[in-house]
Amino acid sequence: AVDAGVSAVMCSYNVVNGKHACGNPDLLTDLKDTMGFKSWVQSDWWALHSFAAQQGVDQEMPGIGGHDGKAYFTPWNLNFLPGAKIDDMVGRQL
């Protein structure tokens, strides 16, 4: 799929090796760094259990929030990310 030029990936509710897929840095780092995925990763509705930008999620599914109904990708949380990380997240979506 990476070689075919897939334009986005949606992370899911699954638990892989004891970590939720949407917050699993092992899976998302492998996808982006090892496999060379250049596009963006979006959460499925209710799949986030924490603010997972540092783990590799680029966008939270808009409208409903995480598994507990709480939005994690808020201006407050994004404010704590380094500028280079924000640039990477936005650049993957453009």
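Residues numbered from 1 in each chain as written. Predicted model: local features only at pLDDT ≥ 70, side-chain atom pairs only at ≥ 80, totals over all residues. Heavy atoms only, no water.

A.B. asks: So what exactly am I meant to see when it comes to helix α1 (residues 25–34) here?
C.D. replies: Since there are 3.6 residues in each turn of an α-helix, residues three or four apart along the chain are aligned in direction. All of the buried residues in α1 are Leu 28, Leu 31 and Lys 32. Down the axis of α1, the sector holding all buried residues measures 85 degrees, keeping them to one side. Turned more than 90 degrees from where α1 packs its buried face, Asp 26, Asp 33 and Thr 34 sit exposed. Lining the buried residues of α1 we find β1 (8–11), β4 (40–43) and α3 (83–93). Where α1 begins, one side-chain oxygen reaches toward the backbone nitrogen of Asp 26, 3.0 Å away; that side chain belongs to Asn 24. Just beyond α1, the residue with positive phi is Gly 36, at close to 75 degrees. (Buried < 20%, exposed > 50% of the residue type's maximum accessible area, 1.4 Å probe, protein only. Helix = DSSP H or I, 4+ residues; strand = E, 2+ residues; numbered from the N terminus. Arc of directions from axis to C-beta. Contact = heavy atoms within 4.5 Å. Polar contact = N/O pair within 3.5 Å; in protein donor to acceptor, adjacent residues only side chain to side chain.)

A.B. asks: For this particular structure, what's the right way to read the side chain of Asn 24?
C.D. replies: Here Asn 24 shows up in the loop between β3 (19–20) and α1. Owing to a relative accessible area of 2%, Asn 24 belongs among the buried residues under this scheme. Here the side chain of Asn 24 touches Leu 27 through a polar contact of 3.2 Å, landing on its backbone nitrogen.

A.B. asks: Even after reading the chapter, I still don't get the state of the cysteines, so can you show me in this structure?
C.D. replies: Put plainly, two cysteines are in a disulfide when a covalent bond ties their sulfur atoms together. In this structure the tally under the stated criterion is one disulfide. Across a sulfur-sulfur distance of 1.9 Å, Cys 11 and Cys 22 are joined as a disulfide pair. Across the S-S bond of Cys 11 and Cys 22 the torsion is about 95 degrees, and the bridge reads as right-handed. Within this pair, whereas Cys 11 is found in strand β1, its partner Cys 22 is found in the loop between β3 and α1, the two being separated by eleven residues in sequence. For the pair shown, Cys 11 and Cys 22 are each scored as buried. (Disulfide = S-S within 2.5 Å.)

A.B. asks: Would you explain the pattern of salt bridges in this entry?
C.D. replies: Any two side chains of opposite charge can pair, on the condition that their charged atoms come close. Counting across every chain of the model gives three salt bridges. Arg 92 is the partner of Asp 88 in a salt bridge, and the nearest nitrogen-oxygen pair spans 3.0 Å. In this pair, Asp 88 and Arg 92 both sit in helix α3, four residues apart, roughly one turn of the helix. (Salt bridge = Lys/Arg side-chain N within 4 Å of Asp/Glu carboxyl O.)

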